[in-house]
Amino acid sequence: MNTEILRRKLCVLGKIYIMIFTHVLNMDLVKNDFLEFIKKRRSIRSFIYQKIDKNTILSILECARWAPSGNNSQPWRVCIVTHPTVKRMLSELTKYGGIIEDAYVNFVVFLDLERGYDRVKDIQAIGAFMQNILLGVNAQEDLGAAWIGEILNKKEEVNEIFKFPKDKFELMGIIAIGYVDEARAKVQQKERKRRVLDEFIEWY
Ligand SMILES: Cc1cc2nc3c(=O)[nH]c(=O)nc-3n(C[C@H](O)[C@H](O)[C@H](O)COP(=O)(O)O)c2cc1C
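The structure presented is a predicted model; accordingly, all values stated were derived computationally and were not measured.

Trainee: I'm lost on the overall build of the protein in this one. Help?
Mentor: Helices and strands together make up the secondary structure of the protein, namely eight helices and five strands. Ordered by position from the N terminus, the helices and strands of the protein form the series α-β-α-β-α-α-β-α-β-α-β-α-α. Its C-alpha atoms give the protein a radius of gyration of 23 Å, clearly above 17 Å, the size a compact globule of 204 residues would have. Along the first, second and third principal axes, the C-alpha atoms of the protein reach 85 × 45 × 40 Å.

Trainee: Can you walk me through the domain arrangement of the protein in this structure?
Mentor: How big an interface is tends to be stated in terms of accessible area lost as the parts join. As far as domains go, the protein holds domain 1 (1–40) and domain 2 (47–188). Between the C-alpha centres of domain 1 and domain 2 the distance comes to 42 Å.

Trainee: So what exactly am I meant to see when it comes to the environment of K87 here?
Mentor: Structurally, the position occupied by K87 is in helix α3 (residues 84–91). When the 20 C-beta atoms within 10 Å are taken as the criterion, K87 is described as buried. Filtering out sequence-adjacent residues up to four positions away, K87 remains in contact with V81, I100, E101 and N106.

Trainee: For this particular structure, what's the right way to read the nonpolar core?
Mentor: Soluble globular proteins tend to bury their nonpolar side chains together. Residues V109, I133, I174, I175, A176 and I177 are the most contacted members of the largest nonpolar core, which totals 40 residues. If you list the elements that add at least two residues to this core, you get α2 (54–65), β2 (76–81), α4 (97–102), β3 (105–112), α5 (119–138), β4 (143–148) and β5 (169–180). Among the elements that make up this core, the one with the highest residue count is β5 (eight residues).

Trainee: Whenever I open this one, unusual backbone geometry confuses me. Can you help?
Mentor: As a rule of thumb, non-glycine residues mostly have phi less than zero, and peptide bonds are mostly trans rather than cis. At Q74, a residue that is not glycine, the phi angle is positive and equals roughly 45 degrees. Looking at where Q74 falls in the secondary structure, it is placed in the loop between α2 and β2. Residue classification places Q74 among the partly exposed positions, given that 17 C-beta atoms sit within 10 Å. The phi dihedral of D142 falls on the positive side, at around 70 degrees, and the residue is not glycine. Considering the arrangement of structural elements, one finds D142 in the loop between α5 and β4.

Trainee: So what exactly am I meant to see when it comes to the packing of α2 against α5 here?
Mentor: Helix-helix packing is described using two parameters, namely the angle between the two axes and the distance between the axes. Packing of α2 against α5 leaves a shortest axis separation of 8 Å and a crossing angle of 140 degrees. By the angle between their axes, α2 is oblique relative to α5. Considering how the two elements wind past one another, α2 and α5 form a crossing that is right-handed. Where α2 abuts α5, its residues S59, I60, C63 and A64 lie against F129, N132, I133, L135, G136 and V137. For the contact of α2 with α5, the per-class residue count stands at seven nonpolar, three polar and no charged.

Definitions and cut-offs
- Residues numbered from 1 in each chain as written.
- Predicted model: local features only at pLDDT ≥ 70, side-chain atom pairs only at ≥ 80, totals over all residues.
- Helix = DSSP H or I, 4+ residues; strand = E, 2+ residues; numbered from the N terminus.
- Rg over C-alpha atoms; globule rule 2.2 N^0.38 Å.
- Domains from an automatic or database assignment.
- Buried ≥ 20, exposed ≤ 12 C-beta atoms within 10 Å, placed from the backbone.
- Contact = placed C-beta atoms within 7 Å.
- Core = buried A, V, L, I, M, F, W, Y, C linked by C-beta atoms within 7 Å.
- Axes fitted to C-alpha atoms, helices over the stretch in contact; angles between N-to-C directions.
- Parallel < 35°, antiparallel > 145°, perpendicular 65-115°, else oblique.
- Left-handed = near helix turned anticlockwise from the far one by under 90°.
- Nonpolar A, V, L, I, M, F, W, Y, C, P; charged D, E, K, R; others polar.

Printed below as a string of structure tokens:
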């Protein structure tokens, strides 16, 4: 074979090798970034008043839409609340009302009982849905969120606000979302402890 052709072939092979190598390296970086992304999420309970545009709200819901659910039943229903009067009505039903009022938007998440088919699996699906909302918020620059479960103590009153019959929709929680008030959030940040793995895993 002509040495020039051989040289060109080796050159092409070298380039392909470099491309594969950098691709694998990038995949590793992406994987690590994703782990960090999950670990860095934290509850945010202090917001500044700033509008969140509709496309951003929709892109967070788009994340939630892809949550897994048993039988792919997708048993969720969400009221998106930005109206101050509705926020006020919700805030009066929980000791965490200040967070709800400060947040620009609140996602009030219900289990759609007619779409559900197995109580445990339906609630697990809603948990995955709500976690996807938190991750979707985290993916947006400067936005933060808090999951408000305490309001479940007044779930029937929440149904009344939206005129949702209680045999059709069951409140699962609220996610308050807003632009992070960095100064206040830092001051209020509790130490976020997690149990060490050995405390809750068993190998077989
Ligand atoms: C089911 C559930 C209910 C929660 N309810 C509340 C609540 O009512 N008020 C609140 O401030 N945080 C609430 N949280 C947030 C937790 O307090 C928070 O996730 C936990 O302390 C860990 O902190 P981190 O989210 O910053 O990692 C709730 C979280 C979950 C998953």
